[in-house]
Amino acid sequence: MNAPTTYVYAFAEGSREMAGLLGGKGAGLAEMTRLGLPVPPGFTVTTEACRVYLATGEEPPELAVETARALAGLERAMGRDLGAADDPLLVSVRSGARFSMPGMMETILDIGLGDASVHGLAKASGQERFAWDSYRRLVQMFGHTVMGVDGDLFQDALAACRARRAVTTDQDLNAAELARLAEEFKGIIRRETGADFPQDPAEQLQRAIRAVFDSWNGERARVYRHREHIPEDLGTAVNVQAMVFGNLGPDSGTGVAFTRDPATGARGVYGDYLSDAQGEDVVAGVRNAVPLAELKRTDPRTHAALGDHLRTLESHYRDLCDVEFTVERGRLWILQTRVGKRTAQAAFRIAHDLRQEGTITADEALARVSGAELTRLMFPRFDTRPTDAPLARGVPASPGAAVGVVVFDPGTAQRRAAAGEDVVLVRRETTPDDLPGMIAARAVLTSRGGKTSHAAVVARGMGKVCVCGAESLTVEPAERRFTTDTGVVVREGDTVSVDGTAGTVHLGALPLTASDVGRALETGEATGEPTAAVLDILAHADAVRRLQVRANADTPEDAARARALGAQGIGLCRTEHMFLGERRALVEAMILARDDTARADALAALLPLQRGDFTGILEAMDALPVTIRLIDPPLHEFLPDRTELAVRLAGTAHPDPHDRELLDAVERMHEQNPMLGLRGVRLGLAVPGLMAMQVRAVAEAVAQRLRDGGRPHAEIMIPLVGTVEELRLARTEAERVLAQVAAGTGTALDCPIGTMIELPRAALTAGRIAGAADFFSFGTNDLTQTTWGLSRDDAEASFFPMYLEKGVIDASPFETIDREGVGRLVELAVAAGRAVNPALETGVCGEHGGDPESIHFFHRAGLDYVSCSPFRLPVARLEAGRAALTGTETGDSR
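Note that the structure is predicted; figures quoted are calculated from it, not measured. (Residues numbered from 1 in each chain as written. Predicted model: local features only at pLDDT ≥ 70, side-chain atom pairs only at ≥ 80, totals over all residues. Heavy atoms only, no water.)

### Topic: the overall build of the protein
And then number 1: For the protein, the count of helices and strands is 36 helices and 31 strands.
And then number 2: Seen along its three principal axes, the alpha-carbon backbone of the protein occupies a region of about 105 × 70 × 50 Å.
And then number 3: Of the roughly 35,800 Å² of accessible surface on the protein, a fraction of 50% belongs to carbon and sulfur atoms.
And then number 4: Of note, the protein has its 96 positive side-chain charges centred 2 Å away from the centre of its 124 negative side-chain charges. (Helix = DSSP H or I, 4+ residues; strand = E, 2+ residues; numbered from the N terminus. Areas by Shrake-Rupley, 256 points an atom, 1.4 Å probe, with all protein chains shown as cover. Lys, Arg positive; Asp, Glu negative; His and termini not counted. Charge placed at Lys NZ, Arg CZ, Asp CG, Glu CD.)

### Looking at helix α25 (residues 657-669)
Along an α-helix, residues three or four positions apart point the same way, because every turn accommodates 3.6 residues.
And then number 1: The terminal C-alpha atoms of α25, which comprises 13 residues, lie 18 Å apart, in line with the 18 Å expected from a rise of 1.5 Å per residue.
And then number 2: Those residues of α25 not exposed but buried are Asp659, Leu662, Leu663, Ala665 and Val666. Looking down the long axis of α25, one finds its buried residues gathered within 160° of arc, a one-sided arrangement. Seen from the buried face of α25, the exposed residues on the opposite side, beyond 90 degrees, are Pro657 and Arg668.
And then number 3: Looking at the buried side of α25, the elements it contacts are α22 (584-592) and α24 (642-650). (Expected span 1.5 Å × (residues − 1). Buried < 20%, exposed > 50% of the residue type's maximum accessible area, 1.4 Å probe, protein only. Arc of directions from axis to C-beta. Contact = heavy atoms within 4.5 Å.)

### Concerning the confidence of the model for the protein
And then number 1: Taken as a whole, the protein shows an average pLDDT of 91; of its residues, 97% reach a score of 70 or greater.
And then number 2: Contacts of residues 887-894 to residues separated by more than four positions or lying in other chains number 19 contacts, the stretch itself having pLDDT below 50. (pLDDT = per-residue confidence, 0-100.)

### Describing the sheet that holds strand β20 (residues 489-491)
And then number 1: The three strands are arranged β18-β19-β20 in an open sheet whose pairing can be described as antiparallel. Two strands bound the open sheet, and with one partner strand each, they are β18 (474-476) and β20. Averaged over neighbouring strand pairs, the angle between their axes works out to 15° when direction is ignored. (Pairing = 2+ DSSP bridges. Axes fitted to C-alpha atoms, helices over the stretch in contact; angles between N-to-C directions.)

### A few points about the pattern of salt bridges
And then number 1: Evaluated as defined, the whole model comprises 60 salt bridges.
And then number 2: Residues Asp596 and Arg599 are paired through a salt bridge, measuring 2.9 Å at the closest nitrogen-oxygen approach. You can see Asp596 and its partner Arg599 sitting in helix α23 (residues 596-620), three residues apart, about one turn around the helix.
And then number 3: Note on Arg599: relative accessible area 16%, which makes it buried.
And then number 4: Residues participating in the shared-partner salt-bridge network are Arg260, Arg267, Glu314, Arg349, Asp353, Glu357 and Glu529. (Salt bridge = Lys/Arg side-chain N within 4 Å of Asp/Glu carboxyl O.)

### So, the packing of aromatic side chains
The relation between two aromatic rings is expressed through the spacing of the ring centres and the mutual angle of the planes.
And then number 1: Counting across every chain of the model gives 13 aromatic pairs.
And then number 2: Judged by centre distance (5.5 Å) and plane angle (85°), the ring pair of Phe142 and Phe197 falls under edge-to-face. Within this pair, whereas Phe142 is found in helix α5 (residues 128-145), its partner Phe197 is found in the loop between α7 (175-193) and α8 (201-215), the two being separated by 55 residues in sequence.
And then number 3: Between the aromatic rings of Phe408 and Phe482, the centroid separation amounts to 6.4 Å while the plane-to-plane angle is 65°, which identifies the pairing as edge-to-face. Highlighted residues: Phe408 in the loop between β14 (401-407) and α16 (410-418) and Phe482 in strand β19 (residues 481-483), separated in sequence by 74 residues.
And then number 4: Judged by its relative accessible area of 0%, Phe408 is buried. (Phe/Tyr/Trp six-rings, centres within 6.5 Å; stacked < 30°, edge-to-face > 60°.)

### Comments concerning the packing of helix α13 (residues 344-356) against helix α20 (residues 529-544)
And then number 1: α20 packs onto α13 with a crossing angle of 70° between their chain directions and a minimal axis gap of 8 Å. One element, α13, and the other, α20, form an angle in the roughly perpendicular class. In terms of crossing hand, the pair formed by α13 and α20 is left-handed. Contact with α13, carried on its side by Gln345, Phe348, Arg349, Ala351, His352, Asp353 and Arg355, involves Glu529, Pro530, Ala532, Ala533, Val534, Asp536 and Ile537 of α20 and no other residues of that element.
And then number 2: Here the contact of α13 with α20 is composed, by residue class, of seven nonpolar, two polar and five charged. (Parallel < 35°, antiparallel > 145°, perpendicular 65-115°, else oblique. Left-handed = near helix turned anticlockwise from the far one by under 90°. Nonpolar A, V, L, I, M, F, W, Y, C, P; charged D, E, K, R; others polar.)

### A word on the sheet that holds strand β16 (residues 443-446)
Strand pairs in the sheet, formed through backbone hydrogen bonds, run parallel or antiparallel to each other.
And then number 1: Taken in spatial order, the eight strands make up an open sheet running β12-β22-β21-β14-β15-β16-β17-β13, and their pairing is mixed. The open sheet is flanked by β12 (392-393) and β13 (395-398), the only strands paired with a single partner.
And then number 2: With three bridges connecting them, β16 and strand β17 (residues 465-468) associate as parallel partners. Residue pairing in the sheet places Ala443 in a bridge with Val465 of β17.
And then number 3: Packing of α16 onto the sheet brings it into contact with β14 and β15 (423-427), and relative to β15 it is tilted by some 175°.

### Considering empty space enclosed by the protein
Where empty space is left can be seen by rolling a probe of water-molecule size over the atoms.
And then number 1: Scanning the entire structure with this criterion turns up four cavities of 30 Å³ or more.
And then number 2: Taken together, 15 residues form the lining of the largest cavity, with Arg94, Met243, Val244, Thr326 and Leu335 sitting closest to its centre.
And then number 3: Within the residue set of the lining of the largest cavity, elements represented by two or more residues are β3 (91-97), β5 (236-242) and β9 (321-328).
And then number 4: Of the residues contributing to the lining of the largest cavity, the split by class is seven nonpolar, six polar and two charged.
And then number 5: In terms of lining residues, the second largest cavity is bounded by Leu630, Ile631, Gly680, Val681, Gly684, Met691, Gln694, Ile718 and Pro719. (1 Å grid on protein atoms, 1.4 Å probe; cavity = no way out; pocket = protein on both sides within 12 Å on 5 of 7 lines; lining within 4 Å. Points joined across faces, edges and corners; volume = space filled by probe spheres on them.)

### Side note on α5
And then number 1: Under the 1.5 Å per step criterion, the end-to-end length of α5 is 26 Å for 18 residues, consistent within 8% with the ideal 26 Å.
And then number 2: By the criterion of burial, α5 is predominantly enclosed, with 15 of the 18 residues buried.

### Examining the environment of Gly73
And then number 1: With respect to the secondary-structure elements, Gly73 resides in helix α3 (residues 63-78).
And then number 2: Along the backbone, Gly73 and Phe43 are 30 residues apart, and their C-alpha atoms lie at a distance of 9.4 Å.

### Notes on the pairing of strand β7 (residues 267-275)
And then number 1: Two strands pair when backbone bridges link them, and strand β6 (residues 253-260) and β7 are joined in this way by seven bridges, in the antiparallel orientation. Counted as the bridge partner of Gly255 is Tyr273 from β7.
And then number 2: As paired strands, β7 and strand β8 (residues 290-291) are joined by two bridges and run antiparallel to one another. If you follow Asp272 over to β8, its bridge partner there is Pro291.

### Brief notes about the layout of surface pockets
And then number 1: Approximately 830 Å³ is the volume attributed to the second largest pocket.
And then number 2: No other element matches helix α31 (residues 780-788), which puts five residues into the lining of the second largest pocket.
And then number 3: Partitioning the lining of the second largest pocket into residue classes produces ten nonpolar, eleven polar and twelve charged.

### Comments concerning the pairing of strand β30 (residues 841-844)
And then number 1: Sheet topology note: the strand β29 (residues 775-778)/β30 ladder contains four bridges and is parallel. Pairing of Ser777 across the sheet is with Gly843, part of β30.
And then number 2: Across two bridges, β30 lies against strand β31 (residues 865-868) in parallel orientation. Opposite Gly843, over in β31, you have Tyr865 as the bridge partner.
And then number 3: Taking the sense of rotation as the criterion, the β-α-β connection linking β30, helix α35 (residues 852-861) and β31 turns out right-handed. (Right-handed = clockwise from strand over helix to strand, strands pointing away.)

### Looking at the packing of helix α19 (residues 516-523) against α20
And then number 1: Put simply, α19 and α20 touch, their axes get as near as 9 Å, and they point 45° apart. Between α19 and α20, the interaxial angle falls into the category oblique. Between α19 and α20 the crossing geometry is right-handed. Together, Asp516, Val517, Ala520 and Leu521 of α19 and Thr531, Val534, Leu535 and Leu538 of α20 make up the contact between the two elements.

### Observations concerning the side chain of Arg427
And then number 1: By secondary structure assignment, the location of Arg427 is in strand β15.
And then number 2: Here Phe408 takes part through its backbone oxygen, which lies 2.7 Å from a polar atom of the side chain of Arg427. (Polar contact = N/O pair within 3.5 Å; in protein donor to acceptor, adjacent residues only side chain to side chain.)

Structure below.
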């Protein structure tokens, strides 16, 4: 018999290991309670309860009883009853999913207040203004979040009240004005919903819990989960916690602290503090907070206690911790902790420093960074001069360099970004509703808020450039402009440059220069702590990875750069790229040849050029493997466009005979679907001498390098094989030419011959093909196209966005390997091929070879190497190392 399900846990009953059930926030509260930190008591409604509610539309029948029991325990612990008329207990109701989703779901504070209990709160606290401020906050939050009233109606009423009093902040409103606001807010609710604001505390609590459950499927939460690849079926926990108040006067306040700088990773305590405020004021950025150093000046005892708790938490979690706290009349309370979101720079530095400090192992340090973060560090930065005076300075909340046109609302950001423009979203402060615009934007700029504001936290999590708290800017969304304190007006559509590292904003597009990390990766020399951290962690990845990492490169210059970036060879050298430019005329001569002699002459002219190309690449990659793919695309790609030729011929009375000859050839070679036509191995078998010329060029280049004292390692790859008979014919021809060159030069040539697996039939008959192959290289670009039965160029531009939105696919199968389809073909082919040929080498040369998630799949599938473009090599090396870790969590819960 199954034990009954428990849907509610007191904080003292949970632990950090229960994050899947209690959510990240609930597990953190439980863990801090176990550690003895000053946590206001409370309880967590589990994610399982949420999943039942989302599936059925009703809470589990047991939930009401369990909630009432937990609430009674909380009332006993606090010595007060929820919503009592004399000295009421008030609670907060907050979401808390398994993975952090900052600001994406709902929070309701001050549950328990009503028309009667507000007077009891005023009496118990001795502060009438505080009581009425708390009540109007509850009515406002409850009305919007739970009862669905447009939040702007409350904000407009609040703004009108400030205008009547000729004040600029809510703090300047007195108790009587706040009391009138509370009544006005209740009137708005009645007018908009036809119902009254509920006075029963139990009803408030039950409806607030349900609203948090509902917020799991809110638009912004769904958008965030889609971007962060968070599963849709997890649900959120709900945390009910006794309220403590930071808005009781100058000896009270609220703040957010980090155990290290989340922007740079530097050691030390960082954060923001607002006196006489509630926690939402800091996150929302409606008032600019002060650094925590100010708390040290005004309340050194509390600051010291906070520092002790932060050190306890970082030591316990062995990572950067993000902590929310409140000071209530000099007493410190810790409200939340989680492993903090951080920038890419901070991720590497913190992981490196924690390893250097002996807190974590080298494997753990590697597991805590990602290829996506390394990619961001390799982006260029602004090449600024001392004379480049910024428009404004703010808080450097999320580093990087971004240029774009200014927009003032998320909808415009989405529209202009979809049209291909780079945009910078400018707001006074961001709210969770701005998330779609933040995703679309290259950078986010706000005139309010600090490093812990919503804009900063979300931008850091997404890797977006962000500058917050640029106080010298007056942002006027209705007028579609912002104005600097020097009178410069920047309108929507104007171009600005945002430097998230320096915290500056510049008019116009600043020039870019290579990043320090990018340079360090090529030279191997660190220029500071961030680059030293990257090189150190990457070196460990190289030491532990099983997968080799090779490059896709077609020129000696690309090969040399790839080797500098750590390539262990070339996994794809495309020979057709060597037929372009000035050499196109020789290819045309081969195509137009009317007899074998003319074709042989054209091929003979191409031979020394190809030989020289291969010699240079083999020299650049001396002693490392170079996999040379014989010509793959159809020959018509080397001829002028059919329409262009026809127009040229029709537009002149004396057409060029050569143009007529070219057009005849284009029309003769025309295919309805050329990418599935005469190309790859088919072309090599159909055009006499073409394959032999290319193999001879490879063989002679190898012989030349051997004579020069080199150690060439060339591999010959036959593309688009669909049947073993094709490969056998091609291999016979290649071996014949290799033997001729070996005999003619007196050198022993060892050039393995293999094939690309890029057709489903090849994958399904890989056991037979392996009998004629020394290696397999999976061309996952074409394999994806032929497995899915679609054209990449057409699909990604037409219906893939709709498929992503509707959840048909989670990601483009051309960016991340389709494990169930294409991935299954790869696994089948590897297993079948090695069953026949245990020494069979296997790799991947499609761009999936540089995709982090795909690299982990290829590691598990047992491939020997991945190959990607040179720029992606460091990322591939890092992810290959992470894939090799066993028993170490490489997922990112930040």
